[in-house]
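Coordinates in review
Below are the chains, spelled out letter by letter.
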Amino acid sequence: MNLSPSMLAVIAILGLLGVGFYALLASRNLIKVIVGLQILVKGSMLAFVLAGRLVGNVTLGQSLALTVIVVDTIVAVIGLAISVQIRRHFGTLDVKALTTLRR
Amino acid sequence: MAATFILLSIGIPWLGALLVWWVGDQHPKLQHTLAVVFSVLAGAAALALIPNAATAAAVTFPVGGLFGDFTFIPDGLGVFLAAVATVVGSLAVIFSVNYMHGEHQLGRYYAMVLFFIGAMVGLVLTSNLLLVFVFWEITALCSYALISFHNDDPKAVKGGIKALIITQIGGVGLLAGALLVYSYFGTYDLNYFIANAGSLPAGVLAAAAFGFLIAAAAKSAQFPFQTWLPDAMEAPTPISALIHAATMVNAGVYLLARFYPAFKDVPGWTTAVVIVGMLSALLAALMACVATDLKRVLAYSTVSQLGYMVYAIGAGGVFASQFHLFSHSVFKALLFLAAGAVIHAVGTRDMRQMGALGKQMPFVRAVFVIGALALAGLPILNGFWSKELVLEAGLHGGPIWAFVVMVFVAGLTAFYTFRCVYLVFYGEARSHLHGHDAQTAMKVSLGLLALGTLTTWLLVGPFGKLLHDTLPAHEIHALPLGEVALEIFTAPATYIALAVIAVGLLCWWMRDRLAGLASALTGLSRAAADSFGFEAVNRGIVSATQNSAEALRVTQTGLLNWNVLGILAGLVIVIAILAFGA
Amino acid sequence: MNPTTAFPWMIALPLVAAPIIYLIGRLSVRSRAQSAAPARWMAIVVLLVTAVLAFFAAQPILQGKTLTLTFYAISLRLDGVALLLGATVTFLGLMVAIFSLRYMHGDEGEEKYYALLVAMVGSIIGLGCAADLFNLWVWFEVMAISSFMLVAFYRDQPASLEAGLKYLVQSAAGSVLILLGIALVFASTGMLDLAAIRSVVNGPAPILIAAGALFIIGFGVKAAFVPLHTWLPDAHSQAPSGISAMLSGIVIEAGLVAMLRALGALAAVSSLWGVLLLIFGAFNMLVGNLMALRQEQVKRLLAYSSVSHLGYMLVGLGASITFPLMVGTNGAEGAFFHLFNHATMKGLAFLSVGALLYALHIARGDHGPLVLSDLDGASRRYPAVAFSLAVAVLALGGLPPLSGFMSKWMIFVAGFQSQNGWMIALVIFMALNSVLSLGYYAPLVNRMFRHTPAPIVENGARVSVSMRVPLALLTLLTVVLGFWPTLLSWLTAPAAAALMAWFGVQ
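A brief structural summary. Numbering of residues begins from 1 in every chain and follows the order in which that chain's sequence is written. Here every chain gets a letter starting at A, and every ligand a number starting at 1, in the order they are written. With the structure being a predicted model, the display of local features is reserved for residues of pLDDT at least 70 and the display and counting of side-chain atom pairs for 80 or more, all residues being used for whole-chain, interface and lining totals. Heavy atoms throughout the structure, all of them, feed into the side-chain values; hydrogens and water do not.

With that settled, the discussion passes to the overall build of chain A. Across its full length, chain A carries three helices and zero strands. Put simply, DSSP H or I for four residues or longer makes a helix, DSSP E for two residues or longer makes a strand, and each gets a number counted from the N terminus. Going residue by residue from the N terminus, the α and β elements of chain A occur as α-α-α. What you see for chain A is a C-alpha radius of gyration of 17 Å, clearly larger than the 13 Å of a compact globule of 103 residues, by over 25%. Taken over the C-alpha atoms alone, chain A extends approximately 50 × 30 × 25 Å along its principal axes. When accessible area is computed with a 1.4 Å probe and restricted to protein chains, residues below 20% of their type maximum are described as buried, those above 50% as exposed, and intermediate ones as partly exposed. In chain A, which comprises 103 residues, the proportion classed as buried is 42%. The contacts in chain A between residues at least 6 apart in sequence include a share of 56% that link residues at least 24 apart. Each accessible area value is a Shrake-Rupley result obtained with a 1.4 Å probe; residue values ignore everything except the protein chains displayed when judging cover. Accessible surface for chain A amounts to roughly 5300 Å². Of this, 67% is attributable to carbon and sulfur atoms. The reference for a compact globule is 2.2 Å times residues^0.38; the radius of gyration itself is calculated from the C-alpha atoms. Residue contacts are defined here by distance: any two heavy atoms, one from each residue, within 4.5 Å place the two residues in contact.

When you go through chain C residue by residue, the secondary structure sums to 21 helices and two strands. The globule rule puts the C-alpha radius of gyration for 506 residues at 23 Å, and the 21 Å found for chain C is close to it. C-alpha atoms of chain C, sized along the principal axes, occupy 65 × 55 × 40 Å. In chain C, which comprises 506 residues, the proportion classed as buried is 70%. Counting only contacts in chain C whose residues sit at least 6 apart along the sequence, the fraction spanning at least 24 positions is 80%. Carbon together with sulfur atoms contributes 66% to the accessible area of chain C, which is approximately 14000 Å² in total. Measuring between centres, the 25 positive side-chain charges of chain C sit 5 Å from its 18 negative side-chain charges. For the purpose of charge, His is not counted, nor are the chain termini; Lys and Arg are scored as positive and Asp and Glu as negative. Lysine's charge is taken at NZ, arginine's at CZ, aspartate's at CG and glutamate's at CD.

A few words on the packing of helix H5 (residues 129-147) of chain B against helix H10 (residues 237-246) of chain B. Residue and element names in this part refer to chain B. Close contact between H5 and H10 brings their axes to 11 Å; oriented N to C, the two are set at 155°. Looking at the two axes, H5 sits roughly antiparallel to H10. H5 and H10 meet at a crossing whose hand is left-handed. On the side of H5, the interface is formed by Ser143, Leu146 and Ile147, while H10 contributes Ile239, Ile243 and His244. Amino acid classes used here: Ala, Val, Leu, Ile, Met, Phe, Trp, Tyr, Cys and Pro are nonpolar; Asp, Glu, Lys and Arg are charged; the rest, including Gly, are polar. Classifying every residue of the contact of H5 with H10 by side-chain character gives four nonpolar, two polar and no charged. Note on geometry: axes are C-alpha line fits, over the in-contact stretch for helices, and angles between N-to-C directions span 0 to 180 degrees. Orientation categories follow fixed angle ranges, with anything under 35 degrees roughly parallel, anything over 145 roughly antiparallel, 65 to 115 roughly perpendicular, and all other angles oblique. Take the far helix as the reference: if the near one is turned anticlockwise from it by less than a right angle, the crossing is left-handed, and if turned clockwise, right-handed.

Take the interface of chain B and chain C next. In this assembly, 62 residues from chain B lie in contact with 69 residues from chain C. Regarding the contact of chain B and chain C, the summed buried area is about 5800 Å², with carbon and sulfur atoms giving 77% of it. Broken down residue by residue, the surface that chain B buries against chain C is led by Gln556, Ile567 and Leu578 of chain B, which jointly contribute 12%. Basic side-chain nitrogens of Lys or Arg form a salt bridge, by our definition, when they fall within 4 Å of a carboxyl oxygen of Asp or Glu. For the pair chain B and chain C, the number of links is one salt bridge. Pairing of N or O atoms within 3.5 Å defines a polar contact, subject to two protein rules: one partner must be a possible hydrogen donor and the other a possible acceptor, and residues neighboring in sequence count only if both atoms are side-chain atoms. Applying the counting criterion to the chain B and chain C interface returns 20 residue pairs in polar contact (both at pLDDT 80 or more). Secondary structure elements with two or more residues in the side of chain B that touches chain C: helix H1 (2-23), strand E1 (59-62), helix H4 (106-125), H5, helix H6 (154-185), helix H24 (534-552) and helix H25 (560-581) of chain B. Residue contributions to the side of chain B that touches chain C peak at 15 residues, all from H6 of chain B. Buried area: the accessible surface (1.4 Å probe) lost by two parts on joining, summed over both.

Counting from both sides, the interface comprises 15 residues of chain A and, opposite them, 12 residues of chain B. Summing the contributions of chain A and of chain B, the shared interface buries around 1100 Å²; its carbon and sulfur component is 63%. On inspection of chain A and its partner chain B, the count reaches zero salt bridges. Where chain A touches chain B, the interface holds four residue pairs in polar contact (both at pLDDT 80 or more). The element contributing the most residues to the side of chain A that touches chain B is helix H1 (residues 5-26) of chain A, with four residues. When the residues that make up the side of chain A that touches chain B are grouped by side-chain class, the tally is nine nonpolar, two polar and four charged.

Take the pattern of salt bridges next. All names here are of chain A. Going through the model one piece at a time under the given rule, you end up with 21 salt bridges over all chains. Across the salt bridge formed by Lys42 and Asp72, the nearest N and O atoms sit 3.7 Å from each other. Here the residue Lys42 occupies a position in helix H2 (residues 30-54), and Asp72 occupies one in helix H3 (residues 58-90), the gap between them amounting to 30 residues. You can call Lys42 partly exposed: its relative accessible area is 34%.

Take the side chain of His338 of chain C next. Relative to the elements of secondary structure, His338 of chain C occurs in helix H14 (residues 330-360). Here the side chain of His338 of chain C touches Ser407 of chain C through a polar contact of 2.8 Å, side chain to side chain.

In this section: the state of the cysteines. Note that a disulfide, as used here, is simply two cysteine sulfur atoms within 2.5 Å. Tallied over the full model, the rule gives zero disulfides over all chains. Cys507 of chain B supplies the cysteine sulfur nearest to Cys289 of chain B, a cysteine that is in no disulfide, at a spacing of 9.9 Å.

As a further point, take the environment of Ala303 of chain C. All names here are of chain C. In this structure, Ala303 sits in helix H12 (residues 298-322). The class for Ala303 is buried, based on a relative accessible area of 0%. Put simply, Ala303 and Phe186 are 117 residues apart on the chain and 36 Å apart in space, counted from C-alpha to C-alpha. The contacts of Ala303, once residues within four sequence positions are left out, are Leu232, Pro233, His236 and Phe350.

None of this, on its own, says anything about what the molecule does.
What follows is the structure, encoded as structure tokens:
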């Protein structure tokens, strides 16, 4: 079977989304959760590049992806910073320990 | 002129409320004085409205948007109820000077009372359906705040919230009715609605009619919403007299009377009104026969008497219902305030611990007996005249089975009234309670109300004329006093009722010899003491809501993975709706 | 001042000022003065100036025009909704800044707090004005980032860290869905400008339907749609009280406005957008109220009530979008009025609770939550605060004559004007929900007016003037709008018209 580059990109996007959401749903470790978020964002960046290619506006697609990288890095940094504090105060990175607020 | 007096009779109590609150609880004397002055001034303003009664809007605030014009009309129904609210209100405030002496948080008490008086006046004078609802809810808010005035007492808090929630649930009916009217007519003007009700689609009019009936039943503590009123007796007694006997609970009756011309042709509506009134009158009277708490007996009797008024409206007797409302406001306020004097003196509400208090409190006994005779419907007190008018209207305009029940309830009323009077003031002392007679301010209020109970029936002629002249849509037949008297004394309904009342009295007199009958009715009296299961229904609804709320809290696990699952589930549901719903 | 000059400055000023506030505050804290006072006062001045700029920029909007500003590839448009959002957030931000003078006094990182608060205000003003999809997302993320940092502000409080992290992860997951939606729209139309997209989209297309669903869920996380709301009670209860007021009062609503902007461009794709809003509205009202019913912690209770209030707004918006012919702009106007009222009422509630939390716990170095029994007899020692909290919760419960009743009434009217059985049933359901909400508001009020205060109240600290001023102003507003509900229609009517224009209804 002969896959076009666009199809390949779509499959890659779906794969990244699948892996990312799996990490969010199944992972007990906070670092893995944040990595999962990163994988999700990579999928959406790829989607922008692909969309730019499909509509014939590659530069716009790429510049959007770059902006996403910047914003997403800030989010990741804050997330990791909070995780460090959580490790310090809870003594663990287990998501299950982070259920003091509920009901 | 009318505009000024309308604004004064709403504005004065509200200004007074602000001032009393502003003065602060460090100056109780000043608070008492201010409250009395402002409530009396409001009463004067409202009384001055009566000669200025008219059918056209006197005050208009053009608010615009979806809110319409805020209008007020001083028509007969409105000015009469405004006068009742402010006059009984000022008497209750005067009574409070003694009754609430030395209480904490007086500012909150008087502020809420005055706020209530103003809102009640607004409710009856406005002709904008939105404002009717607004004032309706403000009175509910004040009633709640005053029932639970003693917030440290869990029973008072519970009673207040119960009253609030039940009247609010009923209020949804008024809301729906008002909104239906607005969505078809584009105006909130209630006279426009009454004049053009026939042009609404039949289903819409019926929905509005029954919505209003639900609201009225909840507000006036009628079947099946009657349960909140007895629990509202945790309020300080002047509040029970003012809000839960003389004014707010009449709002439902007022609503039905006001919109009677619009709804009378809705199929089944008048019958439903008759049934609601009849069942309330009957069930509450039965419960009053077995209750042992003095204020609860009076509360049940209020429900029962309100049932008479509702019944009269269902039978087409708008005038009779309003006249009974008038009499009832006066004599029931008297009864409640006299009961308050008793409770204030002896410190309990349990009638089983009272007895033979008449010797210690002759003045209170005298006025209480006057009120009780009026409640029982004995000539020539005001309760007799209005009750006979109600029964006559029922005989002419209502079904005969309902009339039979209502006459029977008149007998029950006489029975429980005498039971109550006897248990409190006569017989033997059943404990070592010592009462002292009423103090000065109390005597002023009680004396004036007793005077009213003896004389207000003389006003039947002018009262009828007032309603007749300013409420053309209601087609009220006004008769002078002489003709009313002639009508009543020649009507068979009067003699039937008097006979039954006599039987009721006799039953109490011969209660020892009727012991066999009494034991046969144990089941009934037990059911009555359990309020015929309505309390259980209330409790069931509350606990079902609480339990489902508690059960739902399990979904908030606090687990991050679960939360993300919620997001994905939401996405799947939305896509499913979009895919299959289009 | 010329509106076209005021408009760019209104957006730029808070964003430019935020880092400066931080730097100056930081320098001052590290200097011999060791005080964040410059940061405090600068923040208040910046917000005041922003309000003045907004006033000048608003003039054309009030005459029914819009202002457009193009800066390289970024285009910003000031219309009715943008103005409403900007005015509300600036006002509430100012109240919160004044309140925080004492509340945050001496906390570690106080200068950061003010910088982030100003940045949050700026980002929400910008969010309202964003005219293209990607731009919308960027503003949205700036708002999100500033709010993450503010929720997790107390770095030594485990609970606030936990809340902050959950908020971050769920928001970020939602934000990815938004990005995917934008990519789908971009891929199928080649455009990002919202008005341009609306003009080329003219019928159902599966890809665009999927994009719409992604927008609803992606922005819906931030707007706390049930079942995406699970972060909200944690974040809103753990943040500093001023931030709780901002989050509940305006941030979730900003998420809603962003969603409406994005969905508006796809209005022609499906006729179900309004219906979906109504469905979410029903769930939000019910779940929010039931969850609040059994809460013990006051701030958590108020947080859940925000979920239900968002539901009320959704009902109004959904009514206008689903039945544009019968309802017209009325539902949207009611919803926007409720948005403003909710900002003031819930802001007032959170600030009042914050004042009590400060006086009873924080001032004594205790970071525990304010529970219901702490409120017992609060009116004895804190009559003004107890009164303002009572006004706030009774207004939230929809009792007249307070503002919350009037905006709910507008939504009720809009629902009935549809003359559609389902819509009317939903409105009655909403009214019953309002009654249900009194089941938790009323006992709270009763507690405060008890005669015997709880021991913790008797030993409470003083509530400062800087806390009372915003409370008094917000209380006044809540009462005045209840007596004269059309006072703000100059603000809400253009907003409703603008919303209908987004959805292509003129």
